[in-house]
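What follows is each chain in one-letter form.
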Amino acid sequence: MPESEPGGEHPLPAAARVVVIGAGQAGLSVAYQLQRRGLRAGVDLVIVDRGPGAGAPGSFAGSRCGWAQLTK
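Source: prediction; values computed, not measured. (Residues numbered from 1 in each chain as written. Predicted model: local features only at pLDDT ≥ 70, side-chain atom pairs only at ≥ 80, totals over all residues. Heavy atoms only, no water.)

## Things to note about the pairing of strand 2 (residues 45–48)
Move 1: Pairing between strand 1 (residues 18–21) and strand 2: four bridges, direction parallel. Note on strand 2: the bridge partner recorded for Val20 is Ile47.
Move 2: In this fold, strand 1 hands off to helix 1 (residues 25–36), which returns the chain to strand 2; that crossover is right-handed. (Pairing = 2+ DSSP bridges. Helix = DSSP H or I, 4+ residues; strand = E, 2+ residues; numbered from the N terminus. Right-handed = clockwise from strand over helix to strand, strands pointing away.)

What follows is the structure, given as structure tokens:
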């Protein structure tokens, strides 16, 4: 799943099998495991978060670790 640039947004699909709320460590971990089980990021699986940073512990701590780093 593409990571948003600061201040940028990606359009959400009309439907998804799973929506993960929160792009913190737990949310990204869940999304990663679901992708390993066959769900397709951006099609079957969507991650939504209130801010541009992803992977940060706690609320909105500003870490730049995101989906791209987990799927390499």
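## Observations regarding helix 1
What sets the pattern is the α-helix's 3.6 residues per turn: residues three or four places apart point alike.
Move 1: Here helix 1 contains 12 residues, and its C-alpha end-to-end distance of 17 Å stays within 8% of the 16 Å for a straight helix at 1.5 Å per residue.
Move 2: Positioned one or two residues after helix 1, Gly38 has a phi angle of 110 degrees, which is positive. (Expected span 1.5 Å × (residues − 1).)

## With respect to the nonpolar core
Move 1: Counting seven residues, the largest nonpolar core consists of Val20, Ala23, Leu28, Ala31, Leu39, Leu45 and Ile47.
Move 2: Contributing elements (two or more residues each) for this core: helix 1 and strand 2. (Core = buried A, V, L, I, M, F, W, Y, C linked by side-chain atoms within 4.5 Å. Buried < 20%, exposed > 50% of the residue type's maximum accessible area, 1.4 Å probe, protein only.)

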